[in-house]
Amino acid sequence: SQPCFAHCDASTQPPMLGALQEWNELHHLQIMEALGGDRLWFDRFLAYHSAIAYYWVLVGLYICSPKLAYNFSELLEAHAVDTYGEFVSSNEELLKSLEPPLVAAQYYRSPDLYMFDEFQTDISSGKRNPKCDNLYDVFVNIRDDEAEHVKTMNACQDSEIMDEIVERREKTRRV
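All of the points below concern the structure found in this document. (Residues numbered from 1 in each chain as written. Predicted model: local features only at pLDDT ≥ 70, side-chain atom pairs only at ≥ 80, totals over all residues. Heavy atoms only, no water.)

## Re the packing of helix α3 (residues 66-90) against helix α7 (residues 135-155)
Relative orientation of the contacting elements α3 and α7 amounts to 160°, with a least axis distance of 8 Å. As the angle between them shows, α3 and α7 are arranged roughly antiparallel. Of the two elements, α3 crosses α7, and the hand of that crossing is left-handed. Each of Tyr70, Ser73, Glu74, Glu77, Ala78, Ala80, Val81, Tyr84, Gly85, Phe87 and Val88 in α3 lies in contact with α7, whose residues at this interface are Tyr136, Phe139, Val140, Ile142, Arg143, Glu146, Ala147, His149, Val150, Met153 and Asn154. Classifying every residue of the contact of α3 with α7 gives 14 nonpolar, four polar and four charged. (Axes fitted to C-alpha atoms, helices over the stretch in contact; angles between N-to-C directions. Helix = DSSP H or I, 4+ residues; strand = E, 2+ residues; numbered from the N terminus. Parallel < 35°, antiparallel > 145°, perpendicular 65-115°, else oblique. Left-handed = near helix turned anticlockwise from the far one by under 90°. Contact = heavy atoms within 4.5 Å. Nonpolar A, V, L, I, M, F, W, Y, C, P; charged D, E, K, R; others polar.)

## What about the side chain of Glu74?
Position of Glu74 relative to the elements: it lies in helix α3. Of the side chains with opposite charge, Lys67 comes closest to the buried, unpaired Glu74, at an N-O distance of 9.1 Å. Those residues in contact with Glu74 that lie beyond four places of it in its chain are Val150, Met153, Asn154 and Gln157. (Buried < 20%, exposed > 50% of the residue type's maximum accessible area, 1.4 Å probe, protein only. Lys, Arg positive; Asp, Glu negative; His and termini not counted. Salt bridge = Lys/Arg side-chain N within 4 Å of Asp/Glu carboxyl O.)

## Remarks on the pattern of salt bridges
All chains considered together, the criterion is met by three salt bridges. Measuring nitrogen to oxygen at the nearest pair gives 2.8 Å for the salt bridge that ties Lys96 to Glu92. Highlighted residues: Lys96 and Glu92, both in helix α4 (residues 92-96), separated by four residues, approximately one helical turn. Assessed through its relative accessible area of 33%, Glu92 is described here as partly exposed. Arg143 is paired through a salt bridge with Asp144; the nearest N and O atoms lie 3.0 Å apart. A residue is classified by how much of its surface remains accessible, and Arg143, at 23% relative accessible area, is partly exposed.

## A short note on the packing of aromatic side chains
Under the defined criterion, the tally for this structure stands at eight aromatic pairs. Their ring planes at 40° and their centres at 6.2 Å tell us that Tyr54 and Phe72 sit as a pair that is tilted. Note that Tyr54 is positioned in helix α2 (residues 41-64) and Phe72 in helix α3, a separation of 18 residues in sequence. Relative accessible area serves as the criterion here: at 16%, Tyr54 is assigned to the buried category. For Phe72, a relative accessible area of 30% gives the class partly exposed. An angle of 35° between the planes, with centres 6.1 Å apart, marks the rings of Tyr84 and Phe139 as tilted. Within this pair, whereas Tyr84 is found in helix α3, its partner Phe139 is found in helix α7, the two being separated by 55 residues in sequence. The pair formed by Tyr84 and Phe139 is uniform in burial state, with each residue classed as buried. Pairwise contacts between aromatic rings join Trp41, Phe42 and Phe45 into one cluster. The side chain of Lys96 reaches across the aromatic face of Tyr136, ending 4.7 Å from its centre. (Phe/Tyr/Trp six-rings, centres within 6.5 Å; stacked < 30°, edge-to-face > 60°. Lys NZ or Arg CZ within 6 Å of the ring centre and 35° of its normal.)

Right, dumping it as structure tokens:
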């Protein structure tokens, strides 16, 4: 996942947007860990050190060109969308027969999806209230979350869109 500043330039970013996407990515990580993705020490080692390398690559890109950093992140998020899409298509029957992990059920079924909805770049269709009845739904939700991240990375490259997001957030800010 990206460093918070890499989500959008600080001058145009809604203060919590990066943190909200990090919150979402944290839940994706917890879901994968609940499915056994953290059992092998080498997997944990590789994930940890890859994240550090990714962070510093983004820092370097951001220093050179914030737009380049956002574009790189957009490409990675788009790859995640494609990968999850292929996975759910190839494993639909099996995934529909498996229960969702508790962390996924708690995250996606939460009665207060405020933090969930806040990281969405495009809420023109209203609040998203995803199903979470089985593991298929979990992976579809993760794929859809990643698609929202693609939209955000794209928006971070367009100052007009970011201005609209900031304005919308300020109008609908919770007390």
